[in-house]
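Letter by letter, the chains look like this.
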Amino acid sequence: MINTTLVQIRVDQALKGEVTHIYDYYGLDLPTAIRIFMKKTVAVNGLPFDLREESNKKNIWQYFGSGKDIE
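Read on for a plain summary of the structure. Since the structure is predicted, the reported quantities are computational estimates derived from the model, not experimental observations.

### Overview of the overall build of the chain
Phase 1: Broken down by element type, the chain carries 3 helices and 0 strands.
Phase 2: Each helix and strand of the chain, placed in order from N terminus to C terminus, yields the pattern α-α-α.
Phase 3: Each of the 71 residues in the chain was classed as buried or not, and the buried ones make up 1%.
Phase 4: Carbon and sulfur atoms provide 56% of the accessible area of the chain, an area that totals close to 7,100 Å².

Structural data, given as structure tokens:
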């Protein structure tokens, strides 16, 4: 039997709606997408994407804020 644990997070309702819409397109539910993110983080031993500012892309920090509230 797999030993599992509950993970709860609070996110902006609009952000949840946006990502849910994107994941639905790929046939994923939110918990599955989060598990994929976590497994990819372990596989690459870090964030599974680059953090960089590009004028034609959304600024990642608009979702994360300053980062000071992350524990």
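Next, the rest of the story.
### Brief notes about a nonpolar patch on the surface
Phase 1: The grouping of Val 7, Ile 9, Val 11, Ile 34, Phe 37, Met 38, Leu 47, Phe 49 and Leu 51 at the surface amounts to a nonpolar patch, some 800 Å² of accessible area in total.
Phase 2: Mapped onto the fold, Met 38 is located in helix 2 (residues 30-44).

### Re helix 1 (residues 13-25)
Phase 1: Between the first and last C-alpha of helix 1 there are 19 Å, a value that for 13 residues agrees with the 18 Å anticipated at 1.5 Å per step.
Phase 2: Two or three places before Ala 14, at the start of helix 1, stands the capping residue Asp 12, its side-chain oxygen 3.0 Å from that residue's backbone nitrogen.

### Description of helix 2
Phase 1: Taking 1.5 Å per residue as the helical rise, helix 2 with its 15 residues ought to reach 21 Å, and the 21 Å between its terminal C-alpha atoms agrees with that figure.
Phase 2: Among the residues trailing helix 2, Asn 45 stands out with phi positive, at a value near 55°.

### Digging into the packing of aromatic side chains
Phase 1: One pass over the full model with this rule turns up 2 aromatic pairs.
Phase 2: Look at Tyr 25 and Tyr 26: their rings are 5.0 Å apart centre to centre, the planes differ by 90°, and that puts the pair in the edge-to-face class.
Phase 3: Pairing Phe 37 with Phe 49 gives two aromatic rings, centres 6.3 Å apart and planes at 35°, and the pair type is tilted. Taken together, the positions of Phe 37 in helix 2 and Phe 49 in the loop between helix 2 and helix 3 (61-64) put the pair 12 residues apart, joining distant regions of the chain.
Phase 4: In this structure Phe 37 comes out as partly exposed when scored by relative accessible area, which is 37%.

Criteria and thresholds
Residues numbered from 1 in each chain as written. Predicted model: local features only at pLDDT ≥ 70, side-chain atom pairs only at ≥ 80, totals over all residues. Heavy atoms only, no water. Helix = DSSP H or I, 4+ residues; strand = E, 2+ residues; numbered from the N terminus. Buried < 20%, exposed > 50% of the residue type's maximum accessible area, 1.4 Å probe, protein only. Areas by Shrake-Rupley, 256 points an atom, 1.4 Å probe, with all protein chains shown as cover. Patch = residues over 30% accessible without salt bridge, like charges linked within 9 Å, V, L, I, M, F, W, Y side chains within 5 Å. Salt bridge = Lys/Arg side-chain N within 4 Å of Asp/Glu carboxyl O. Expected span 1.5 Å × (residues − 1). Polar contact = N/O pair within 3.5 Å; in protein donor to acceptor, adjacent residues only side chain to side chain. Phe/Tyr/Trp six-rings, centres within 6.5 Å; stacked < 30°, edge-to-face > 60°.

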